[in-house]
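Residue strings, one per chain:
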Amino acid sequence: MNIFIDCTARNGKIASMKKTSTIILRDKKYDVKAGSTIRAALLKLEILPESVICIRDGELLTEDNMLKEGETIKLVSVISGG
Amino acid sequence: MKCKKCGGKAVINMPQHNMGLCKDDFLQWLPEQMQKHIKKQKMFTPEEKILVAVSGGKDSLALWDMLNILGYQADGLYIALGIDEGISYSSESQRLTEKFANARGLNLHVVNMTADYGIDLPTLAKETRRGRDKPCSSCGLVKRHEMNRIARDFGYDVLATGHNLDDEAATLFSNTLQWNGDYLIRQHPVLAERDGLARKVKPLFRFYEKEMAAYTLLRGIEYIYDECPFAEGSTSTQYKELLNQLEHEHPGTKIHFFTKFLSAKKKGLFAEPTTKIVPELHICPKCGQPTSAHEICTFCRMMDRVNQ
Ligand code: SF4
Ligand SMILES: [Zn+2]
Ligand SMILES: [Zn+2]
């Protein structure tokens, strides 16, 4: 029990130290630095903003929005082939 | 980013139009734009009967949705190909298409390869050995034949498909890389009816793939997110990615590439060929469809071969 509490506390501390946000595309999860624009984070991950739609809490948002600490952005790929 | 119309919070940025829009304004703008270009290109009138080829993907469902909103008489056609290896692509896309139609009380024709022809597409492609490992060329042939058949049998004036601007730009890019003159001359959002074949139109030809995905999500339309397993690594996907890289550096590249091609063609950039490239058509004795093949059409020949 003690170990469990200890563990969560430590994880919380690490996460806050790094100030990250999460970006999800299909089955991939990326931890990115919070505080930049979504656009900048996407380009760092070599994802073209032209090829995805960003969703936060079920709402679509433009790539000029800032990434806030601890939040998760889900990407929907827009390219279909065939 | 702010909505250009109302100043509210934008949900989509469209740098090619120098404009961001909020949810309500975007959902109003897109069908309005489509309507404008349906009229401008003389695609169809409210009096005509439209058959929409629906795949269960975002584009065709959004197209059907907008035609319905705009008050056109549009029925759907779903072709069940039986591509169910791994991800149940066909059965899931059929389920979503039927769900969409039922929820709106829309009329949907379903052609089922296995039930109607006794063979699914992957098996058909394997047995006739058209295309070494991908059934795409047989697939295109089957889809064209069945769309024309249903359009003719049920008296539709127009066949509408959900090709968006990214599809058209990728096709144009491919045809240009190969200087495929026949295809370049024929690539157009409206193909006139001829010899008993319905007119073919692509009402989404000015919309980016991203706009179509946004529309479908904002309207809450459930569509098949996974691609056909045979689409993976296709050249058209590679071309789309390349064009998106250019678009990223120079917003508007994709739409200019395609619309300037259309206007250049209108001004006579591409001369009509001296020899006739559009072949004479005659009626296939087996299925009754116009064909350029000698005797029976390519579709019937393929079906004959697997039924032997
Ligand atoms: S990718 Fe799939 S749906 Fe598209 S043409 Fe090929 S087999 Fe048909
Ligand atoms: Zn607005
Ligand atoms: Zn035939």
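Here, every reference points to the structure presented above.
Residues numbered from 1 in each chain as written. Chains lettered and ligands numbered in written order. Predicted model: local features only at pLDDT ≥ 70, side-chain atom pairs only at ≥ 80, totals over all residues. Heavy atoms only, no water.

**Here's the deal with the overall build of chain B**
Line of reasoning, step 1. Counting its secondary structure elements, chain B contains 12 helices and 10 strands.
Line of reasoning, step 2. Its C-alpha radius of gyration of 20 Å places chain B within 12% of the 19 Å reference for a compact globule of 308 residues.
Line of reasoning, step 3. C-alpha extents for chain B along the principal axes are approximately 65 × 50 × 40 Å.
Line of reasoning, step 4. For chain B, the residues scored as buried account for 49% of the 308 residues in total.
Line of reasoning, step 5. For chain B, contacts bridging at least 24 residues in sequence account for 68% of all contacts bridging at least 6. (Helix = DSSP H or I, 4+ residues; strand = E, 2+ residues; numbered from the N terminus. Rg over C-alpha atoms; globule rule 2.2 N^0.38 Å. Buried < 20%, exposed > 50% of the residue type's maximum accessible area, 1.4 Å probe, protein only. Contact = heavy atoms within 4.5 Å.)

**Thoughts on the sheet that holds strand 3 (residues 52–56) of chain A**
The strands making up a sheet are joined through hydrogen bonds of the backbone, oriented either antiparallel or parallel.
Residues and elements named next belong to chain A.
Line of reasoning, step 1. Judged by pairing direction, the sheet is mixed, and its 5 strands sit side by side in the order 2-1-5-3-4 without closing on themselves. Two strands lie at the open edges of the sheet, namely strand 2 (28–33) and strand 4 (59–61), each paired on one side alone. The sheet shows a mean angle of 35 degrees between the axes of neighbouring strands, direction not considered. (Pairing = 2+ DSSP bridges. Axes fitted to C-alpha atoms, helices over the stretch in contact; angles between N-to-C directions.)

**Concerning the coordination of the zinc ion (ligand 3)**
Residues and elements named next belong to chain B.
Line of reasoning, step 1. Around the zinc ion (ligand 3), the donor atoms from the protein are Cys284 (SG), Cys287 (SG), Cys297 (SG) and Cys300 (SG), and they sit 2.3 to 2.4 Å away.
Line of reasoning, step 2. Given 4 donor atoms and angles of 105 to 114 degrees at the metal, the environment of the zinc ion (ligand 3) is assigned as tetrahedral.
Line of reasoning, step 3. For the zinc ion (ligand 3), all donor residues lie on one chain, and their spacing in sequence is C-x2-C-x9-C-x2-C. The burial state of Cys297 is the same as that of Cys300; both residues are buried. (Donors = N, O, S within 2.8 Å, 3.2 Å for Na, K, Ca; no water. Tetrahedral: all angles 85-135°; square planar, octahedral: opposite > 155°, others 65-115°.)

**Details of helix 9 (residues 209–218) of chain B**
The periodicity of an α-helix, 3.6 residues per turn, causes residues three or four positions apart to be oriented the same way.
Residues and elements named next belong to chain B.
Line of reasoning, step 1. In terms of burial, helix 9 is a largely internal element, 9 of the 10 residues being buried.
Line of reasoning, step 2. Those residues of helix 9 that sit buried are Glu209, Lys210, Glu211, Met212, Ala213, Ala214, Tyr215, Thr216 and Leu218.
Line of reasoning, step 3. In the stretch just after helix 9, Gly220 is the one whose phi turns positive, near 70 degrees.

**A word on the interface of chain B and chain A**
Line of reasoning, step 1. Between chain B and chain A, the residue contacts involve 29 residues of the former and 24 residues of the latter.
Line of reasoning, step 2. Counting the surface lost from both chain B and chain A, the interface buries some 2100 Å², and carbon and sulfur atoms represent 56% of this.
Line of reasoning, step 3. When the buried surface of chain B facing chain A is broken down by residue, Lys210, Tyr225 and His248 of chain B rank first, second and third, together holding 32% of it.
Line of reasoning, step 4. Where chain B meets chain A, there are 1 salt bridge.
Line of reasoning, step 5. The salt bridge involving Glu63 of chain A is made with Lys210 of chain B; its shortest N-O contact spans 2.7 Å.
Line of reasoning, step 6. Where chain B packs against chain A, one counts 11 residue pairs in polar contact (both at pLDDT 80 or more).
Line of reasoning, step 7. Tallied by class, residues from the side of chain B that touches chain A come to 11 nonpolar, 7 polar and 11 charged. (Buried area = accessible area lost by both parts, 1.4 Å probe. Salt bridge = Lys/Arg side-chain N within 4 Å of Asp/Glu carboxyl O. Polar contact = N/O pair within 3.5 Å; in protein donor to acceptor, adjacent residues only side chain to side chain. Nonpolar A, V, L, I, M, F, W, Y, C, P; charged D, E, K, R; others polar.)

**What about the site of ligand 1?**
Line of reasoning, step 1. Not every one of the 9 residues close to ligand 1 is listed here, only the nearest: Cys136, Cys139, Lys143, Cys228 and Ala231 of chain B.
Line of reasoning, step 2. This site is not confined to one chain, since residues near ligand 1 come from chains A and B.
Line of reasoning, step 3. Grouping the amino acids of the shell around ligand 1 by side-chain chemistry returns 7 nonpolar, 1 polar and 1 charged. (Near = heavy atom within 4 Å.)

**Notes on the coordination of the zinc ion (ligand 2)**
All names here are of chain B.
Line of reasoning, step 1. At the metal site, the zinc ion (ligand 2) is ligated by Cys3 (SG), Cys6 (SG), Cys22 (SG) and Asp25 (OD), and these contacts range over 2.0 to 2.3 Å.
Line of reasoning, step 2. One can describe the donor arrangement at the zinc ion (ligand 2) as tetrahedral, given that its 4 donor atoms subtend angles of 101 to 114 degrees at the metal.
Line of reasoning, step 3. Mapped onto the sequence, the residues coordinating the zinc ion (ligand 2) show the spacing C-x2-C-x15-C-x2-D. Taken together, the residues Cys3 in the segment before strand 1 (12–14) and Asp25 in helix 1 (residues 23–40) connect sequence positions 22 residues apart.
Line of reasoning, step 4. The class of Cys3 is buried, set by a relative accessible area of 4%.

**A word on the nonpolar core**
Residues and elements named next belong to chain B.
Line of reasoning, step 1. Judged by nonpolar contacts, the single largest core of 59 residues is most densely connected at Phe26, Phe44, Ile50, Trp64 and Leu67.
Line of reasoning, step 2. Broken down by element, the residue count for this core peaks at 6 residues, all from helix 2 (residues 58–69).
Line of reasoning, step 3. Excluding residues that lie within four positions of it along the chain, Ile50 makes contacts with Phe44, Leu67, Tyr72, Gln73, Ala74, Asp75, Tyr156, Val158 and Ala160.
Line of reasoning, step 4. One finds Val111, Met113, Val142 and Ala231 within the second-largest nonpolar core, a separate group that totals 34 residues. (Core = buried A, V, L, I, M, F, W, Y, C linked by side-chain atoms within 4.5 Å.)

**Some words on the packing of helix 2 of chain B against helix 9 of chain B**
Two quantities define a packed helix pair, namely the angle between the helix axes and the distance between the axes.
All names here are of chain B.
Line of reasoning, step 1. The interhelical angle for the contact between helix 2 and helix 9, taken along N-to-C directions, is 65 degrees, at an axis separation of 9 Å. Classified by the angle between their axes, helix 2 and helix 9 sit roughly perpendicular to one another. Judged by the sense of rotation from one axis to the other, the crossing of helix 2 with helix 9 is left-handed. Within the contact between the two elements, helix 2 uses Lys58, Asp59, Ala62, Asp65, Met66 and Ile69 and helix 9 uses Glu209, Met212, Ala213, Tyr215 and Thr216. (Parallel < 35°, antiparallel > 145°, perpendicular 65-115°, else oblique. Left-handed = near helix turned anticlockwise from the far one by under 90°.)

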